[in-house]
Amino acid sequence: MAEMKKNLRYNLIWLALAAILYFGLFAAYNGGMINLFSDAIIVNIGINIILAVSLNLIIGFSGQFSLGHAGFMAIGAYAGAILSASNPTFGGFLTGLLVGMLVSGAVALVVGIPTLRLKGDYLAIATLGVAEIIRILLVNLRGLTNGPAGIFGLPQFSNWQIVFLFAVLSILVVSNFIHSGPGRATLAIREDEIAAESMGVNTTKYKVIAFVMGAVMASIAGTLYASYQQSVFPRDYGFMKSIDVLIIVVFGGLGSTTGAVVSAVVLGILNMYLQGFSDLRMIIYALALIIIMIFKPSGLLGTWEFSVKGLLDKFRKKGDDNDASIRS
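Residues numbered from 1 in each chain as written. Predicted model: local features only at pLDDT ≥ 70, side-chain atom pairs only at ≥ 80, totals over all residues. Heavy atoms only, no water.

Student: Which residues make up the overall build of the protein, and what values do they have?
Tutor: Secondary structure summary: the protein contains 14 helices and 2 strands in total. Computed over C-alpha atoms, the radius of gyration of the protein comes to 21 Å, within 12% of the 20 Å expected from 2.2 N^0.38 for 328 residues, which places it in the range of a compact globule. The principal-axis extents of the C-alpha atoms in the protein amount to approximately 80 × 60 × 45 Å. Residues counted as buried form 45% of the 328 residues belonging to the protein. Counted over contacts in the protein with a minimum sequence separation of 6, partners at least 24 positions apart contribute 80%. For the protein, the exposed surface amounts to about 16,600 Å²; the carbon and sulfur share of it is 69%. (Helix = DSSP H or I, 4+ residues; strand = E, 2+ residues; numbered from the N terminus. Rg over C-alpha atoms; globule rule 2.2 N^0.38 Å. Buried < 20%, exposed > 50% of the residue type's maximum accessible area, 1.4 Å probe, protein only. Contact = heavy atoms within 4.5 Å. Areas by Shrake-Rupley, 256 points an atom, 1.4 Å probe, with all protein chains shown as cover.)

Now the structure itself:
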C-alpha cells in the first residue's frame, strides 16, 4: 500500500510537470508565437516521442531488436483513416484509434509468440518481414485501402493537444511498467535471458507483453499521424520509417525513456532548422548523427533517467544537511 501511494505521488508530480509544459505551449499558441510550420514540427515531435518510447520498450528495456514498428504504425494509420472516412466525426476517429490498437495488439501477439523465440539479427529480419507483409497487404487490398493511391481528404481530428496527451500517457505507461514486477522481469531478461529463465522467469511471456505494448503505442502514433496529415499512403510506412524511429532511440540512449524523449525533441528541432538547406539537409542530418555517435556511442543520455524520486531524495538530503549544519 505504501509503495502504491508513493507511485501515485510520483505520477501526480509528473502530471503537474506535464501540465506546466502544456500551458506553456498553450500560451505560445494563443500569443501567435506558433505558425503552421512550427505547429507541424511540434506535432511530429510528439508523434516521434510516442514511437521512440514504445520502440525503446522493445529494444532498450526488453532487449529485442525489432524492425517492425512501421508495420504497426501503418495498421493504426489505416484503421483511423478508413473509419474516419466512413464516419467523419470525432467518434469515428476514436473508433479508428481503438480498432487500430486492437488489431495491432492482436497481430503483435500472433507474430510475437513464435518470432520472439529468435534472437539478434534473426529477430530483426523476422520483424522486418512482418512489417513488409503488412505494407504489401495494404497495397493489394485495393477495395479497402485504395491500394498505392492511399486515402486522402480525411477530417483532421488530431492536433497538438491530442498528440501531447497521448505522448504524456505513453511516457507514464512505460515508466510505470518498468518499475512494476513484470517490468523488472523484462529488465532481467535484457540483462541475461538464460539467468532470468533459470530463476523461473517466463521469458517468452514478458517479451511478448513488451512487444504487444510497443505495437499498440505505435498504432496510436499511426492514427494520430494519419489524422493530422489528412492522408495515408503505404509508402509512408516502409523500411525507412522503422529505421527513422530506431535512429531516435539509439541517438537518445538504449534503455532510457528520458533519452528517447530528448532525442525526439533534438532531432525534430534539428530537422526544422535544416529545412532551408534543401538537398543538403539529409547529408547534414546524417553527419550530425555520425559525429554525435562517434563521441557519444551510448547515445545522448546513455541509460540515465530523469527521476522524480531521485530529485525529491536530493532535496530531502539537502534539507537534512542544512538542519545538521544549523544544529552544529
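Student: Got a sec to walk through the packing of aromatic side chains? Specific residues and values, please.
Tutor: Here the structure, examined in full by the defined rule, presents 10 aromatic pairs. Relative to F23, the ring of Y22 lies with its centre 5.3 Å away and its plane at 80°, an arrangement referred to as edge-to-face. Judged by centre distance (5.7 Å) and plane angle (55°), the rings of Y22 and F164 are tilted. Of this pair, Y22 sits in helix α1 (residues 2-30) while F164 sits in helix α7 (residues 160-178), placing them 142 residues apart in sequence. A relative accessible area of 21% places Y22 in the partly exposed class. For F164, a relative accessible area of 15% gives the class buried. A network of ring pairs unites the aromatic residues Y22, F23, F26, Y29, W160 and F164 as a single cluster. In this arrangement the basic side chain of R235 is found over the ring face of F233, its NZ or CZ atom lying 4.6 Å from the centre. The positively charged end of K241 is found above the aromatic ring belonging to Y225, 5.6 Å away from the centroid. (Phe/Tyr/Trp six-rings, centres within 6.5 Å; stacked < 30°, edge-to-face > 60°. Lys NZ or Arg CZ within 6 Å of the ring centre and 35° of its normal.)

Student: Before we move on, could you go through empty space enclosed by the protein and cite the residues and values that matter?
Tutor: Evaluation of the coordinates by the stated rule reveals 1 cavity of 30 Å³ or more. As a volume, the largest cavity reaches approximately 40 Å³. Residue lining of the largest cavity: A77, G80, A81, S84, F93, L154, T223, A226 and S227, and that is the complete set. Mapped by element, the contributors of at least two residues to the lining of the largest cavity are α3 (69-86) and α10 (203-229). With 4 residues, the single largest contributor to the lining of the largest cavity is α3. Residue composition of the lining of the largest cavity, by class: 5 nonpolar, 4 polar and no charged. (1 Å grid on protein atoms, 1.4 Å probe; cavity = no way out; pocket = protein on both sides within 12 Å on 5 of 7 lines; lining within 4 Å. Points joined across faces, edges and corners; volume = space filled by probe spheres on them. Nonpolar A, V, L, I, M, F, W, Y, C, P; charged D, E, K, R; others polar.)

Student: Pulling in residues and values, what's your account of the nonpolar core?
Tutor: Within soluble globular proteins, side chains that are nonpolar tend to cluster in buried spots. Of all hydrophobic cores here, the largest spans 80 residues; its most connected members are I47, L57, L224 and V232. Looking at this core element by element, the count peaks at 15 residues for α10. Once you skip the residues sitting within four places of it in the chain, V232 turns out to touch A77, Y78, A81, G150, I151, A226 and Y237. (Core = buried A, V, L, I, M, F, W, Y, C linked by side-chain atoms within 4.5 Å.)

Student: Break down the environment of V245 for me, with residues and values.
Tutor: As for its position among the elements, V245 is in helix α11 (residues 239-252). On the accessibility criterion, V245 (2% relative accessible area) is buried. Along the backbone, V245 and G80 are 165 residues apart, and their C-alpha atoms lie at a distance of 21 Å. Look past the residues within four positions of V245 in its chain and what remains in contact with it is L51, A52, L55 and H69.

Student: Go over unusual backbone geometry with me, naming the residues and quoting the values.
Tutor: The bulk of non-glycine residues show a negative phi, and the bulk of peptide bonds are trans. Not every positive phi belongs to a glycine, and N146 is a case in point at roughly 65°. By the secondary structure assignment, N146 is in the loop between α6 (142-145) and β1 (151-152). Judged by relative accessible area, which is 40%, N146 ranks as partly exposed. The phi dihedral of Q230 falls on the positive side, at around 65°, and the residue is not glycine.

Student: How would you explain helix α12 (residues 257-273) if you had to name every residue and give the values?
Tutor: Its 17 residues place the ends of α12 25 Å apart at the C-alpha level, agreeing with the 24 Å of an ideal helix rising 1.5 Å per residue. Along α12, the residues classified as buried are T257, T258, G259, A260, V261, S263, A264, L267, G268 and M272. (Expected span 1.5 Å × (residues − 1).)

Student: An account of the layout of surface pockets is needed here, citing residue identities and associated values.
Tutor: Reported here for the second largest pocket is a volume of approximately 680 Å³. Every residue lining the second largest pocket is counted, 27 residues in all, and those nearest its centre are N48, K241, D244, N271 and Y285. Sorting the residues of the lining of the second largest pocket by element identifies α2 (36-61), α10, α11, α12 and α13 (281-295) as the ones contributing at least two each. Among the elements that make up the lining of the second largest pocket, the one with the highest residue count is α11 (7 residues). Broken down by class, the residue content of the lining of the second largest pocket amounts to 17 nonpolar, 6 polar and 4 charged.

Student: An account of the pattern of salt bridges is needed here, citing residue identities and associated values.
Tutor: All chains considered together, the criterion is met by 3 salt bridges. Here R135 makes a salt bridge to E132, at a shortest N to O gap of 3.0 Å. Of this pair, R135 and E132 both sit in helix α5 (residues 120-140), 3 residues apart, roughly one helical turn. Its relative accessible area of 24% is what places E132 among the partly exposed residues. (Salt bridge = Lys/Arg side-chain N within 4 Å of Asp/Glu carboxyl O.)

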